[in-house]
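# Fold and contact review
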Amino acid sequence: MVVCVKQVPDTTEVRIDPRTNTLVRAGVPAVINPYDAHAVEAAVQLKEKYGGRVTALSMGPPQAEEVLRRALAMGADEGILLTDRAFAGSDTLATSYILAQAIKKIDKMLPVNLVLCGKQAIDGDTAQVGPGIATRLGFTQLTYCMAIDAIDLEQGYIQVQRKLEGKREIVRGRLPALLTVVKEINELRYASLPALVRAARVDIITWGKDDLELDPAQIGLKGSPTSVWRIFAPPARPGGEIIPGKPQEAAAALVEKLVKTKVVADR
Ligand SMILES: Cc1cc2nc3c(=O)[nH]c(=O)nc-3n(C[C@H](O)[C@H](O)[C@H](O)COP(=O)(O)OP(=O)(O)OC[C@H]3O[C@@H](n4cnc5c(N)ncnc54)[C@H](O)[C@@H]3O)c2cc1C
């Protein structure tokens, strides 16, 4: 199994500077993308049930090594960091290409049956990288997984529950498969002390562009069909309004306002 983990700024701590209208990222801690933590936990639970090996894989700057150590503390067996200046500026197409090429290399050493990703990253927020990897590898694609019911290694299938709007969908697909997971899939456990010690000591494997079979035209800024040309903070919301009067009158005035502003439909 391979779990893709991304290091992201803790967006609950990111503030907007009201004067410059830019994000204040200084001093904001970098964390493992929350959905990816659930993907690691899901992989470790599968390992406990079915055996196998869990490889955590991340692309990012050298400090992204921290999220791989976090995955090791949660029970992953090894961590591989894809880091190279040539990878910088990659959009989702280039990111999924580089990750897929790394998974192909891992697969040559030990066959990969399952790739787990988070549903989305809380900084980029696109939810495109997982499906991108699945397409490139030709794996069955199962997104928004909230439960893994069963895996039959002999018959070569997996059954999952997908979280859809207002319902869940039970799907069976052939292995190898790529799953993206939502938070409902499990509860995170605390890392054990021996696991923490091992995670701090173990060597992280580092691969650069020359360690992978890559088409230089498909990576980094050059390999990215999209580019972000402007980033700005959303405008501040106008202040609220308190409607005075007795409760009944105020309620009537409120309804009138809501209808007028088309927040609710008129009867
Ligand atoms: C503010 C901001 C500005 C950016 N500016 C640019 C720019 O100018 N040009 C540009 O080309 N790119 C830019 N990027 C980067 C790029 O768009 C995305 O970060 C990248 O393509 C991944 O997409 P995502 O974050 O939406 O991941 P998602 O598709 O939402 O992630 C889904 C899952 O895929 C896996 N995953 C995603 N990324 C990685 C990773 N690196 N390593 C391991 N697993 C991963 C994780 O399991 C994750 O849960 C910018 C990103 C941000 C946040």
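Residues numbered from 1 in each chain as written. Predicted model: local features only at pLDDT ≥ 70, side-chain atom pairs only at ≥ 80, totals over all residues. Heavy atoms only, no water.

### Side note on the overall build of the protein
- Along its length, the protein carries six helices and 13 strands.
- Overall, the protein is about 75 × 45 × 40 Å in size when its C-alpha atoms are taken along their principal axes.
- The 267 residues of the protein split such that 42% are buried.
- Contacts in the protein between residues far apart in sequence, at least 24 positions, make up 68% of those at least 6 positions apart.
- Carbon and sulfur atoms form 54% of the exposed surface of the protein, whose accessible area is close to 16,100 Å².
- Side-chain charges in the protein split into 34 positive and 31 negative, and the spacing between the mean points of these groups amounts to 3 Å. (Helix = DSSP H or I, 4+ residues; strand = E, 2+ residues; numbered from the N terminus. Buried < 20%, exposed > 50% of the residue type's maximum accessible area, 1.4 Å probe, protein only. Contact = heavy atoms within 4.5 Å. Areas by Shrake-Rupley, 256 points an atom, 1.4 Å probe, with all protein chains shown as cover. Lys, Arg positive; Asp, Glu negative; His and termini not counted. Charge placed at Lys NZ, Arg CZ, Asp CG, Glu CD.)

### Describing the packing of aromatic side chains
- Per the counting criterion, the structure on display carries zero aromatic pairs.
- Over the ring of Trp207 we find Lys105; its NZ or CZ atom is 4.5 Å from the centre of that ring.
- Here the guanidinium or amino end of Lys183 rests over the ring plane of Tyr35, the centre of that ring lying 5.1 Å away. (Phe/Tyr/Trp six-rings, centres within 6.5 Å; stacked < 30°, edge-to-face > 60°. Lys NZ or Arg CZ within 6 Å of the ring centre and 35° of its normal.)

### Some remarks on the nonpolar core
- Ranked by size, the top nonpolar core spans 37 residues in total, and within it Val3, Val5, Leu114, Leu116, Leu142, Ile158 and Leu179 carry the most contacts.
- The set of elements that each furnish at least two residues to this core consists of helix H1 (34-50), helix H2 (65-73), strand E8 (114-118), strand E9 (140-152), strand E10 (157-164) and strand E12 (177-181).
- Element by element, the count of residues in this core is highest for H1, at seven residues.
- When neighbours within four sequence positions are excluded, Leu142 is seen to be in contact with Ile158, Val160, Val171, Ala177, Leu178, Leu179 and Thr180.
- In terms of nonpolar packing, the next biggest core, distinct from the first, is built from 26 residues, Leu57, Tyr97, Ala102 and Leu214 among them. (Core = buried A, V, L, I, M, F, W, Y, C linked by side-chain atoms within 4.5 Å.)

### Section: the sheet that holds E8
- In spatial order, the strands read E11-E10-E9-E12-E8-E1-E6-E7-E13; together these nine strands make up an open sheet with mixed pairing. Looking at the sheet topology across the chains shown, the edges are occupied by strand E11 (167-174) and strand E13 (205-207). Put simply, the sheet's adjacent strands are angled 30 degrees from each other on average, direction ignored.
- Inspection of the sheet shows E8 paired to E12 by five bridges, in the parallel sense. Pairing of Val115 across the sheet is with Leu178, part of E12.
- Running at roughly 150 degrees to strand E6 (residues 55-59), helix H3 (residues 92-109) makes contact with strand E1 (2-4), E6, strand E7 (78-82), E8 and E13 of the sheet. (Pairing = 2+ DSSP bridges. Axes fitted to C-alpha atoms, helices over the stretch in contact; angles between N-to-C directions.)

### Describing the layout of surface pockets
- Taken as a whole, the second largest pocket encloses approximately 330 Å³ of empty space.
- Looking at the second largest pocket, it is lined by 19 residues, and the ones nearest its centre are Met1, Gly52, Arg53, Pro111 and Asn113.
- Those elements giving two or more residues to the lining of the second largest pocket turn out to be H1 and H3.
- Class assignment of the residues belonging to the lining of the second largest pocket gives a composition of 13 nonpolar, four polar and two charged. (1 Å grid on protein atoms, 1.4 Å probe; cavity = no way out; pocket = protein on both sides within 12 Å on 5 of 7 lines; lining within 4 Å. Points joined across faces, edges and corners; volume = space filled by probe spheres on them. Nonpolar A, V, L, I, M, F, W, Y, C, P; charged D, E, K, R; others polar.)

### Overview of the pairing of E12
- Burial analysis of E12 places five of its five residues in the buried class, the great majority of the element.
- Burial of E12 is two-sided: the residues Ala177, Leu179 and Val181 facing one way and the residues Leu178 and Thr180 facing the other way are all buried.

### Quick word on the pairing of E9
- Summarising the sheet, E9 and E12 pair through four bridges and their orientation is parallel. Paired with Gln141 across the bridge in E12 is Leu178.
- For E9 and E10, the ladder comprises six bridges, and the chain directions are antiparallel. Its bridge partner being in E10, Ile148 is matched across the sheet by Val160.

### Comments concerning the environment of Lys209
- By secondary structure assignment, the location of Lys209 is in the loop between E13 and helix H6 (247-260).
- Sequence-wise, Lys209 and Gly223 are 14 residues apart; in three dimensions their C-alpha atoms are separated by 13 Å.
- In this structure Lys209 touches Asp84, Ala86, Phe87 and Leu214, once residues within four positions along its chain are discounted.

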